[in-house]
Amino acid sequence: MDRRTMLKGGLALSGVLAMPAYLRAQSAKKLSILTWNIADQEAYFNEVFADFKKSNPGVEIEWLDKKGPEVPVFYQTQLVAGTPPDIINTQGALWVEYAANGALMDITSMLKGNAEVAKRFNADYLANWTLDGKNFMLPFYITKTLLFYNKNLFKEAGITAPPTTFAGIMDAADKIAKGERTGLLTLNFDWLYWPFFKSEGVDLLTPDGKKAAFNTPKAAEVLARLAKGTDSGAINKTSWTGRWVEPNGAFAAGTVGMHHAHSPAFFFMKGQGPWINADTLGVAQGPGGWSTPNSHGLGISKGSKNPELAFALLAHMTSDRWTQEFTKRRNVLTGNTASDQASLARLRGEEPLTAAVLQTQLENTDKMTGNWPLPFDAALKDAFYPELQNAVLGRKDAKTALNDAERQVNRLLSRRA
Amino acid sequence: MTALAAAVDAPQARPRLFARKRVRQAVLIWCFLLPSLLIFGLYRIMPLAWNVVLSFQEWSPTRPATWAGLYHYEEMFFYDEVFWTALWNTLLYIGSAPIGIAIALGLALLVNSDIRGRDVYRTIIFISYPLMTVAVGVIWRWMFDERVGLINYVARSLNLVDSPIPFLNSFDWALPSIIAANIWQMLGFYMIILLTGLQNIPQNLYEAASIDGADARRRFWRITVPLLKPSLFLCFVIGMLNSFTSFDLVYVMTGGGPGRATELLVTYVYKLGFVQTKFDYAAAVTVVFFALLIAIAWAANRLSGGNAGAVESD
Amino acid sequence: MTRARHHLPIHLVLILVSLVMLVPFYWVMKTSVSGENIFNYPPNIVPRDPHPFFYVDVWYYIPFARYFLNSVIVSAITVAGNVVFNAMAGYALTRGFMGKGVVLMLFLSCMMVPFQATIIPAYLITGRLGLLDSYLGLALPQMSTIVCIFVFKASFDAVPRSLIDAAKIDGLSEWRIVWRIMMPLAKAAIATNVILAFIWSWNNFLWPLIVTRSPDMQTLPLGLARFLAYQEDTTGALYAFCIMVLAPGILLFLLAQKEFIQGLTSGATKG
């Protein structure tokens, strides 16, 4: 094969391979939606979209799903390139970063114009997605933290009722911890541990959000107690890794007394822990009734070419019918009040334990914390959490850790304000 | 033309011919370099330039850029404790590369010798490298687990320790644990590079040396090591690059924790960019990281005799 | 025999090392057939109720065949590009020319740019080239790697000057010299290049994540996300997936090993 033929062949080959498999449709009615780690619900999405297309013929919907840590990478690259998906699904407080940076569309007026859509939702949960009085997202599915406990271990330790205060939880943890057993696990990403502090009256920031407010003697007490518990084995160290799979797996192994997590943890643990059933697993509210929400919302990108159509799809997905369908597939509540009530009623008959878990998600919705509408929430977490880890893992004492955290948080606030 | 005329023309013809040939050779060499240079230009140099420019600006994906001068550098060097911790951790990570290389060299020598079943050994040692780094992270995270991990299980079964060792939760042991997992994965790779290098050493040199009475140690230090310099240099550079190609490993095993004990510059850059949306600051950290790597590579190059360690052929 | 006695300690060391290398693998394999909760303590050495259905799960949870095909195509392009471009560049670096030092330094410094810092510009550039969501776009950033250029350079450096001079006297062009003389002598370097380029391309995760959009173009590592699920326990399938992704790399290594052996023997007889 001589040089020339090779070159020609090479060029032809490159031409073929360079053709994008994804040819952007010229139709103006194309919607793309990016969801967060929900690839297993492909069937559900196919149905919802098919139904939407029936009432909106000629629309194409492109569904993209990425795992949690990859959504920001993917979305922000698309933002820079100017091709963001029309609809984006976020978890927790990530949306604030995008809203504050102008990446999300303000849907307040759209909501006002669609009163029946706005009325559907639990007001406290909907308020989770407001910034400066403007709405940016609709609830997709809602979760918040609760306290799971292992009834067998409780019985063995002689504890009759689930504790309701931070001190009560710590005491129970101490009683249960023995040998391979530990008393308490807690999830730690996204401020999920904050109810421990809030229930003891500690606030993260001043009401105007300009300065750190957590460096108080009470906070030092809480932190010191957490550190002592971790050291003695009352608190399982996996709590402080900031992960999802490991703590749930550890609780599912049956050797931990309590797990402070949000409701999806239940479904993960059920899979890994065959011992879990209504007699062995108890559910209770978090300390002082406080909880941190970690809900999923749906919003519209500012760069969307079809905002009205996108909103129509959102309205469609959050309708009574489809939210009920979603709860059937995924056993989470959706924030659509009517549909949630119906789903709970159904579950109480079919799966009482699931119903009990989900019931907690609708209680005490006025006592939600750990969800600060600050554009630099991620940086704030990064400034605070490592110091917390330093303290609970015994590297620094509580007072020093809080001082250092305060210094870093204040610096962040002054630079970013 | 007659031979006479050709002979008369010849003296003038030679210099022209010579120059053309030289130019043709140079052009050809540059043509050989072109495809690679093009790819690097597009995907390494231009992005680097993007980072350099961005590091002097304030920018977010939805807002236009404004000039910020040394704002980010000032923040980084004077106020950012995380940067310094990440820098230190990165240096430690890079400094651990020679350990892996030394082990791999030992293995390469053993596998290179005339024993039976060396193909099997070679395969077994290499088998960890093609594994996805995420998978390596997942499995080693479990192995190091304080309560249920294999290492603690073995240590306690053999009564080597009284209480479990918190590897990944310990501020002191987290980074060494990640380094150990990294070495585990890289051994096969270093070994392959070193094996390739070992083959390039002519056998007769060893034969001549042993005839001259040099023992194994002498032969190793006088022949093997100097002639392996290119390969050793390559391995070190790769080990250095591990400080960012191990991104997945760190992210999966500890996420940078506990505290900041395993935060590397590369994970910090990623978090700044994609978690905190501070691309401009991330660009500044990238520039500093890049400069650091260049400095270390340059030092390593000098130590191994320049010219990327290649021994000059006579 | 003295030879066997001399080799016993070597075998012992290598066996120990092999164990260390294999134990994590054993665990991955074990969990891939039993799907046990890895947080059970004490850990089970032998899998309980092993069954191969996790491997079936992998096939069905993700469009495995399609992802596999995409990975194969992209890796094939990458490997081909690597061998050709790297050999060319490696050869050029063995010659002296003006600006060689600069080029050398340039190559070295190109290695020092972490990919995480280049995601956005790389995406924009690929977009400009019109290669988003395409096989060539997936392969392009990795179609030449500096490490392999240096591997070729080292191999070419070791070719005796006399051979090249003889070829020059015979009137062979540079191109021919590379292909007819240097490459056959650099079999080990080629094998190394093929194995490494394949592994890097096959396992590449972050770039395909960014540059592909349609589900048809996704490569195998992107399927990983499906097994790190939020609400289900997919441990067994996750580990089965890891094994399935690993298999082609190992296979390729086993196949390319023959070149290694040839390279070893040729090294021994080289004058």
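Rules behind the numbers
- Residues numbered from 1 in each chain as written.
- Chains lettered and ligands numbered in written order.
- Predicted model: local features only at pLDDT ≥ 70, side-chain atom pairs only at ≥ 80, totals over all residues.
- Heavy atoms only, no water.
- Contact = heavy atoms within 4.5 Å.
- Buried area = accessible area lost by both parts, 1.4 Å probe.
- Salt bridge = Lys/Arg side-chain N within 4 Å of Asp/Glu carboxyl O.
- Polar contact = N/O pair within 3.5 Å; in protein donor to acceptor, adjacent residues only side chain to side chain.
- Nonpolar A, V, L, I, M, F, W, Y, C, P; charged D, E, K, R; others polar.
- Pairing = 2+ DSSP bridges.
- Helix = DSSP H or I, 4+ residues; strand = E, 2+ residues; numbered from the N terminus.
- Axes fitted to C-alpha atoms, helices over the stretch in contact; angles between N-to-C directions.
- 1 Å grid on protein atoms, 1.4 Å probe; cavity = no way out; pocket = protein on both sides within 12 Å on 5 of 7 lines; lining within 4 Å.
- Points joined across faces, edges and corners; volume = space filled by probe spheres on them.
- Buried < 20%, exposed > 50% of the residue type's maximum accessible area, 1.4 Å probe, protein only.
- Domains from an automatic or database assignment.
- pLDDT = per-residue confidence, 0-100.
- Parallel < 35°, antiparallel > 145°, perpendicular 65-115°, else oblique.
- Left-handed = near helix turned anticlockwise from the far one by under 90°.
- Core = buried A, V, L, I, M, F, W, Y, C linked by side-chain atoms within 4.5 Å.
- Phe/Tyr/Trp six-rings, centres within 6.5 Å; stacked < 30°, edge-to-face > 60°.

Attention now moves to the interface of chain C and chain B. Between chain C and chain B, the residue contacts involve 103 residues of the former and 90 residues of the latter. Taken over both partners, the interface formed by chain C and chain B buries close to 9100 Å², and the fraction arising from carbon and sulfur atoms is 78%. The interface formed by chain C and chain B holds 0 salt bridges in total. There are 9 residue pairs in polar contact (both at pLDDT 80 or more) connecting chain C and chain B. In terms of residue class, the side of chain C that touches chain B is made up of 76 nonpolar, 19 polar and 8 charged.

Residue and element names in this part refer to chain A. Taken in spatial order, the 5 strands make up an open sheet running 2-1-3-11-6, and their pairing is mixed. Unpaired on one side and paired on the other, strand 2 (60-66) and strand 6 (137-141) mark the two borders of the sheet. Strand-to-strand twist across the sheet, computed as the mean angle between neighbouring axes with direction ignored, equals 25°. Note that strand 3 (residues 87-91) and strand 11 (residues 296-300) share 5 bridges and pair antiparallel. The residue bridging T90 from the neighbouring strand is G297, located in strand 11. Here helix 2 (residues 42-55) sits on the sheet in contact with strand 1 (30-36), strand 2 and strand 6, set at roughly 155° to strand 2. Strands strand 1, strand 2 and strand 3 of the sheet are contacted by helix 3 (residues 70-81), whose axis makes an angle of about 150° with strand 1.

This part is about empty space enclosed by the protein. Taken as a whole and judged by the stated rule, the model has 12 cavities of 30 Å³ or more. The residue makeup of the lining of the second largest cavity, split by class, is 6 nonpolar, 7 polar and 7 charged.

On to the layout of surface pockets, then. Taken as a whole, the second largest pocket encloses approximately 1200 Å³ of empty space. Lining the second largest pocket we find 41 residues, and of these F376, L412, R415 and R416 of chain A together with K278 of chain B sit closest to its centre. Looking at the lining of the second largest pocket, the element that brings in the most residues is helix 19 (residues 398-416) of chain A, giving 7 residues. Of the residues that constitute the lining of the second largest pocket, the class distribution is 17 nonpolar, 8 polar and 16 charged.

We now examine the side chain of N390 of chain A. If you trace the backbone, N390 of chain A turns up in helix 18 (residues 377-392). Classification of N390 of chain A as buried rests on a relative accessible area of 10%. Every residue in contact with N390 of chain A, bar those within four places of it in the chain, is listed here: R395 and K396 of chain A together with F171 and G259 of chain B.

We now examine the domain arrangement of chain B. Residues and elements named next belong to chain B. Taken domain by domain, chain B consists of domain 1 (13-54) and domain 2 (71-303). Between the C-alpha centres of domain 1 and domain 2 the distance comes to 33 Å. With both chains or domains summed, domain 1 and domain 2 bury close to 470 Å², and 79% of this area falls on carbon and sulfur atoms. The largest per-residue losses of area from domain 1 upon contact with domain 2 belong to L48, N51 and L54, which jointly make up 82% of the total buried on that side. Between the two partners, domain 1 and domain 2, sit 0 salt bridges. Split by residue class, the side of domain 1 that touches domain 2 holds 3 nonpolar, 1 polar and no charged.

One rule of thumb: low pLDDT means the predicted coordinates there are not for detailed reading. Across chain A, pLDDT averages 87, with 93% of residues at or above 70. Note on residues 19-27 of chain A: pLDDT is under 50 here. Beyond four places in sequence and across chains, it has 16 contacts.

Residue and element names in this part refer to chain B. Looking at chain B, pLDDT values average 84 and 91% of them are 70 or higher. Under a pLDDT of 50 for its full length, residues 309-314 has, in the predicted model, 13 contacts with residues more than four places off or in other chains. Of the two predicted TM-score estimates for the complex, the pTM is 0.86 and the ipTM is 0.84.

Once that is clear, we can look at the packing of helix 3 (residues 64-94) of chain C against helix 10 (residues 187-203) of chain C. All names here are of chain C. Interhelical geometry of helix 3 versus helix 10 gives an angle of 140° and a closest axis separation of 8 Å. With respect to helix 10, the element helix 3 is oriented oblique. Where helix 3 crosses over helix 10, the handedness of that crossing is right-handed. Residues F68, S71, V72, V74, S75, T78, V79, N82, V83 and N86 of helix 3 form the contact with helix 10, whose own contacting residues are I190, N193, V194, A197, F198, S201 and W202. Partitioned by chemical class, the residues of the contact of helix 3 with helix 10 number 10 nonpolar, 7 polar and no charged.

Along the chain, L150 of chain B turns up in helix 7 (residues 150-157). As a C-alpha pair, L150 of chain B and W140 of chain B span 10 residues in sequence and 9.3 Å in three-dimensional space. Contact partners of L150 of chain B, with chain neighbours within four places excluded, come to W142 and M143 of chain B together with V23 and W27 of chain C.

By size, the foremost hydrophobic cluster in this structure holds 202 residues, and its most contacted members are W140 and V285 of chain B together with L14 and F107 of chain C. Tallying contributions element by element places helix 8 (residues 174-199) of chain B first for this core, with 16 residues. Lining this core are residues from two domains, each supplying at least three of them: domain 1 (13-54) and domain 2 (71-303) of chain B. Here V285 of chain B is in contact with M76, F83, L265, Y268, V269 and L272 of chain B, once residues within four sequence places are set aside. With 53 residues, the next largest nonpolar core counts F166, A173, V202 and L223 of chain A among its residues.

Further remarks concern the side chain of N193 of chain C. Relative to the helices and strands, N193 of chain C resides in helix 10. On the accessibility criterion, N193 of chain C (0% relative accessible area) is buried.

Take the packing of aromatic side chains next. This structure, assessed with the given rule, holds 65 aromatic pairs over all chains. Measuring from centroid to centroid gives 6.4 Å for Y193 of chain A and F197 of chain A, while their planes differ by 75°, and the two rings are edge-to-face. Summarising the burial analysis for this pair, Y193 of chain A and F197 of chain A share the class buried. Between the aromatic rings of F77 of chain B and W84 of chain B, the centroid separation amounts to 6.1 Å while the plane-to-plane angle is 50°, which identifies the pairing as tilted.

Moving on, we come to the pattern of salt bridges. Going through the model one piece at a time under the given rule, you end up with 32 salt bridges over all chains. Measuring nitrogen to oxygen at the nearest pair gives 2.9 Å for the salt bridge that ties E200 of chain A to K218 of chain A. One end of the pair, E200 of chain A, is in the loop between helix 10 (195-198) and helix 11 (217-232); the other, K218 of chain A, is in helix 11, with 18 residues separating them in the sequence. Overall, E200 of chain A belongs to the partly exposed group, its relative accessible area being 21%. The exposure class assigned to K218 of chain A is partly exposed, which follows from its relative accessible area of 31%. Between E263 of chain B and K271 of chain B there is a salt bridge, with the nearest N and O atoms lying 3.0 Å from each other.

Okay, the pairing of strand 1 (residues 57-60) of chain B next. All names here are of chain B. Looking at chain direction, strand 1 and strand 2 (residues 63-67) are connected through 3 bridges and run antiparallel. The residue of strand 2 that forms the bridge with E58 is T66. Adjacent in sequence and paired antiparallel, strand 1 and strand 2 are bridged by 2 residues.

In terms of burial, helix 6 (residues 133-143) of chain B is a largely internal element, 11 of the 11 residues being buried. Among all positions in helix 6 of chain B, only T133, V134, A135, V136, G137, V138, I139, W140, R141, W142 and M143 of chain B are buried.

A few words on the sheet that holds strand 7 (residues 145-150) of chain A. All names here are of chain A. The 4 strands are arranged 8-9-7-10 in an open sheet whose pairing can be described as mixed. Looking at strand neighbours, the two that pair on one side only are strand 8 (182-186) and strand 10 (281-284), the edges of this open sheet. Strand-to-strand twist across the sheet, computed as the mean angle between neighbouring axes with direction ignored, equals 20°. Inspection of the sheet shows strand 7 paired to strand 10 by 4 bridges, in the antiparallel sense. Its bridge partner lying in strand 10, F148 is registered against V283. With respect to the sheet, helix 12 (residues 245-252) is in contact with strand 7, strand 8, strand 9 (256-262) and strand 10, its orientation differing from that of strand 9 by roughly 145°. Set on the sheet, helix 13 (residues 264-272) makes contact with strand 7, strand 9 and strand 10; between it and strand 9 the angle comes to about 135°.

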